[in-house]
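Architecture at a glance
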Amino acid sequence: MSKSVIVIDDDEDTVRLFSEFLEENGIDVIGNGFNGSTAVKLFKETKPDVVLIDLNMPNGSGFYAIKKIQDIDPKVRIIAVSADSDYSTEEKLGKLNIPLIQKPFKMDKIISIIQG
């Protein structure tokens, strides 16, 4: 069965490219958003298997959205995507049990994590 995913990033090109690539690889993209507030709203509406989310965004950061989404469903699978390679960012995500994919990213790695 295909995994369902929402893709959240403040860069519209990144969202479009991610979504196209995931769809081409048999992953069902059921929602797109461009900020943390939209991520929470979309999660409530769509209940995806996986949330793919950027950390640095306006109007609700990725960390804001992650906290809110985990409050709704503590078992949700979230994958963080960021150009921020700061150790404290990785440490925070580690405590939340969320993998971090560094930008620029390798799409095959993302597919593997989503399907894993």
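Residues numbered from 1 in each chain as written. Predicted model: local features only at pLDDT ≥ 70, side-chain atom pairs only at ≥ 80, totals over all residues. Heavy atoms only, no water.

This paragraph deals with the pairing of strand β1 (residues 4-8). Within β1, five of the five residues are buried, leaving the element largely enclosed by the surrounding structure. The side-chain alternation of β1 yields two buried faces, one formed by Ser4, Ile6 and Ile8 and the other by Val5 and Val7. Bridging between β1 and strand β2 (residues 28-33) involves five bridges; their strand directions are parallel. Looking at the pairing, Val7 lines up with Asn32 of β2. One crossover worth recording links β1 to the parallel β2 by way of helix α1 (residues 12-24), and it is right-handed. (Buried < 20%, exposed > 50% of the residue type's maximum accessible area, 1.4 Å probe, protein only. Helix = DSSP H or I, 4+ residues; strand = E, 2+ residues; numbered from the N terminus. Pairing = 2+ DSSP bridges. Right-handed = clockwise from strand over helix to strand, strands pointing away.)

Next up on the list: helix α2 (residues 36-46). Those residues of α2 lying buried are Gly36, Ala39, Val40, Leu42 and Phe43. Looking straight down α2, one finds that the buried residues subtend no more than 165 degrees of arc, so they occupy a single side. More than 90 degrees from the buried face of α2, the exposed residues found are Lys41, Lys44 and Glu45. Against β1, β2, β3 (50-54) and α3 (62-72) lie the buried residues of α2. Its side-chain oxygen placed 3.1 Å from the backbone nitrogen of Ser37, Asn35 serves as the N-cap of α2. At the exit of α2 stands Lys47, carrying a positive phi of roughly 45 degrees. (Arc of directions from axis to C-beta. Contact = heavy atoms within 4.5 Å. Polar contact = N/O pair within 3.5 Å; in protein donor to acceptor, adjacent residues only side chain to side chain.)

The contact between α2 and α3 brings their axes to 8 Å, and the two run at 20 degrees. Here α3 runs roughly parallel to α2, going by the angle between their axes. Along this stretch, α2 crosses α3, giving a crossing that reads as right-handed. Along its contact with α2, which presents Gly36, Ser37, Ala39, Val40, Phe43 and Lys44, the element α3 presents Tyr64, Ala65, Lys68, Ile69 and Ile72. Looking at the contact of α2 with α3, its residues break down into seven nonpolar, two polar and two charged. (Axes fitted to C-alpha atoms, helices over the stretch in contact; angles between N-to-C directions. Parallel < 35°, antiparallel > 145°, perpendicular 65-115°, else oblique. Left-handed = near helix turned anticlockwise from the far one by under 90°. Nonpolar A, V, L, I, M, F, W, Y, C, P; charged D, E, K, R; others polar.)

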